[in-house]
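# Coordinates in review
One-letter residues, chain by chain:
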Amino acid sequence: MNDTNILEVNGVSRVFRRGGMFSRNTLTAVDNVSFSIDDRPQVFSVVGESGTGKTTLARMILRLVEPSSGEIRLLGKPVNGKDRIDNFAFRRLVQPIFQNPFEAFSAYLPVSTYLRRTALNLKVARNDREADEAADQALRSVGLGLDRVAGKYIRQFSGGELQRISVARALIPDPKLIVADEPVSMVDASMRMNIVNLFRQIVEEKGVSFIYITHDLSTAYYLSDHVSIMNTGRVIEQGLPSDILDNPSQDYTRELMGAIPTIGARWTELEEIDRRYPTGDRATTESAARHQTTS
Amino acid sequence: MIALENAVVGYGPDKAFIAAVDDVTITIGDNEIVGIAGESGCGKSTLLRALYGDFTHGLRQRGGEINARFTDAGTGTTVEKRGANLSELWWDQISYVPQGSMSVLNPLMKVDKQIIDGLPKREKHGSRADLRKRIANFLKGLGLEESVLEAYPHQLSGGMRQRVLVAIAAFVNPRLILADEPTTALDVVVQKRILLMMVEIQRRLKNTLVLVSHDLGVHYQITDRLAIAYAGKIVEIGPTQKIFAAPSHPYTQALIAALPRVGEKGQRSGLEGRPPSLVKPPQGCRFAARCPEAQDICRAQSPELKMRSADRPVACHFR
């Protein structure tokens, strides 16, 4: 046990019962996962397909789901069980960012209200004026400001902007750890990198660590200091992104990498399909000719 | 072949018309995969609905032409349709792969009944058992088990359901398949499986596939030609490989520069700002406010989509 570690996950499993109340059919979503995150600010990525247990793992770290066995410790203190950290202290230390920012905020309240309430509920501010200050400061660190956000509703923002506001909300209590579950998969590709770069900037400027849950190996490679690959509830491979992705030891990691629609390297399977259905000249002469005449 | 000529398509009454597709000209030929890329709200799904002739739920055509001409591969007969009349060809010459597989399939019906219900008359010959067998064989050819037919939608995974939707769209042997973000909610491994299946279907049927996606990687992998949409306009069209090798429009350049790649750690940044509102689009080039090369002419005058080289129309004053 090391008290300087921000987070320690020791042999954590989560079993769900499937079917009715008396069903004995179970599903092990997370199976004996262990890792630790030391006190250096960093991005720790958990990568895998849908259904590999990454979200269940994130929810256990956020204390939204109880582990069936094993132990999670935050700054040396247990997250679950009898001696667990009280809820208030926990929320000030660990904050979530969810996948779909349009669902994370209600459509019926101005987004700035959430920021204010977060500041008041977590006792970062004692009154509305201080809450506005805290919200403004958090918004400035994500490149926005309260003047641009105040009084507006979710549909008045783009997905990228709203996800920035989610990040700002998470920053209000000055947490140690932010758990981001697929934070950019709903954001347009053109703005995705702004959010990803923002994470890196926050790690460096604010000293916050991120747990970045994703199925997208390319952003994980770009952003992280550490990558864990999950498959069927287990961590099958972990280490530095360059070690794992340049030299994957597991077939599953290779499959994940091979499935990325990378620009510059076409899938070999496509060539096989083309061989099976030779078409000769695929040039679209008719359409090209029509463009000549219409322009 | 299906073509839009100066098509203006959008929502609302004349006084407050929102043109989600504004003066767009594009021709989609036979036997090709055409991609339409762009950010949310750029009008790419509306463009797809226009190609589908789906003028329902408030969508209407306010100007220009939408013309389609399909030649049946078997009989050699040709049909021509325009605008909203394209709906006469639905699930016959034209089929559609929607995005949300969970909300599209009827949760109370087994998959086989859903497929059979939607088939056109010409496919419904022979006994039901015979028809079912043909569907099962078709699914098997696409790597789906026959047992899928016996399942209710909730018994299938998201990827399975989406593959069923692709299979339904392909079974009628259409000349044109339109797919709206068919893999957006899925992870990369399942996405790849579905995309390969779609390419195989297109190559086999030698028909046309139009794929809408905001993921440029997907377009790079499977499309033959690519159209880049921005704020209701098309800013660039060309052979996919050429666009990626040398993007011409500043918007395309920014989009491609923003993509992270495994194996590259260099700093990459996304686009700043957001697309203009379609309710009151700016005068001049719609990308001008975000364009690093914008000059006075860009803010005053809207550039036309003009041929800059043999097969690549671009809408920019400086290309």
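Everything numeric in this text was worked out from a predicted model, so none of it was measured.

Calculation notes
- Residues numbered from 1 in each chain as written.
- Chains lettered and ligands numbered in written order.
- Predicted model: local features only at pLDDT ≥ 70, side-chain atom pairs only at ≥ 80, totals over all residues.
- Helix = DSSP H or I, 4+ residues; strand = E, 2+ residues; numbered from the N terminus.
- Rg over C-alpha atoms; globule rule 2.2 N^0.38 Å.
- Buried ≥ 20, exposed ≤ 12 C-beta atoms within 10 Å, placed from the backbone.
- Contact = placed C-beta atoms within 7 Å.
- Expected span 1.5 Å × (residues − 1).
- Nonpolar A, V, L, I, M, F, W, Y, C, P; charged D, E, K, R; others polar.
- Axes fitted to C-alpha atoms, helices over the stretch in contact; angles between N-to-C directions.
- Parallel < 35°, antiparallel > 145°, perpendicular 65-115°, else oblique.
- Left-handed = near helix turned anticlockwise from the far one by under 90°.
- pLDDT = per-residue confidence, 0-100.
- UniProt positions renumbered as here; feature names shortened; annotations may be inferred.
- Pairing = 2+ DSSP bridges.

This paragraph deals with the overall build of chain B. A tally of helices and strands in chain B yields ten helices and twelve strands. The C-alpha radius of gyration of chain B comes to 20 Å, within 12% of the 20 Å expected for a compact globule of 319 residues. By residue count, 46% of the 319 residues in chain B fall in the buried class.

Our next topic: the overall build of chain A. When you go through chain A residue by residue, the secondary structure sums to 13 helices and ten strands. Overall, the C-alpha framework of chain A stretches about 70 × 50 × 45 Å when taken along its three principal axes. Looking at chain A as a whole, 44% of its 295 residues qualify as buried. Sequence separation of at least 24 residues holds for 66% of the intrachain contacts in chain A that already meet a minimum separation of 6.

Quick look at helix α8 (residues 189-206) of chain A now. All names here are of chain A. For α8, spanning 18 residues, the distance from its first C-alpha to its last is 26 Å, which sits close to the expected 26 Å at 1.5 Å a residue. Turning to α8, its buried residues are Ala189, Ser190, Met191, Arg192, Met193, Asn194, Ile195, Val196, Leu198, Phe199 and Ile202. At the exit of α8 stands Gly207, carrying a positive phi of roughly 70°.

Of the residues lining the interface, 45 residues belong to chain A; the matching set on chain B comes to 50 residues. For the side of chain A that touches chain B, a count of residues per class yields 18 nonpolar, 17 polar and ten charged.

A few words on the packing of helix α12 (residues 268-276) of chain A against helix α6 (residues 188-205) of chain B. Orientation of α12 of chain A relative to α6 of chain B, taken along the N-to-C sense of each, is 20°, at an axis distance of 10 Å. With respect to their mutual orientation, α12 of chain A and α6 of chain B come out roughly parallel. Note on packing geometry: the crossing formed by α12 of chain A with α6 of chain B is right-handed. Contact with α12 of chain A, carried on its side by Glu269, Leu270, Ile273 and Asp274 of chain A, involves Leu196, Val199, Glu200 and Arg203 of chain B of α6 of chain B and no other residues of that element. A class-by-class count of the residues in the contact of α12 of chain A with α6 of chain B yields four nonpolar, no polar and four charged.

Parts of the model with low pLDDT should not have their predicted coordinates read in detail. On average, residues of chain B score 90 in pLDDT, and 99% of them are at 70 or above. Interface confidence for the predicted complex, given as ipTM, is 0.84, next to a pTM of 0.85.

Mapped onto this numbering, the UniProt entry gives "domain: ABC transporter" (unreviewed entry) at residues 7-257 of chain A. In this annotation, residues 7-257 of chain A is assigned 39% helix and 25% strand; the end-to-end C-alpha distance for the span is 28 Å.

Residues and elements named next belong to chain A. Pairing in this open sheet of six strands is mixed, and the strands run β6-β7-β8-β3-β9-β10 from one edge to the other. With partners counted over all chains shown, the strands left at the sheet margins are β6 (94-97) and β10 (234-239), one partner each. The sheet shows a mean angle of 20° between the axes of neighbouring strands, direction not considered. Relative to β10, strand β9 (residues 226-231) is paired through five bridges, and the arrangement is antiparallel. Opposite Val227, over in β10, you have Gly239 as the bridge partner. The strands touched by helix α7 (residues 159-171) are β6 and β7 (177-181); relative to β6, the strand with the most contacts, the crossing angle is about 170°.

Our focus in this paragraph is the sheet that holds strand β5 (residues 78-82) of chain B. Paired through backbone hydrogen bonds, the strands of a sheet run either parallel or antiparallel to each other. Residue and element names in this part refer to chain B. What the four strands build is an open sheet, ordered β2-β1-β4-β5; its pairing is antiparallel. If you trace the sheet from one side to the other, it starts and ends with β2 (18-28) and β5, each paired once. If you compare each strand with its neighbour and ignore which way they point, the axes differ by 15° on average.

Positionally, Ala254 of chain B belongs in helix α9 (residues 250-257). For Ala254 of chain B, a count of 19 C-beta atoms within 10 Å translates into the label partly exposed.

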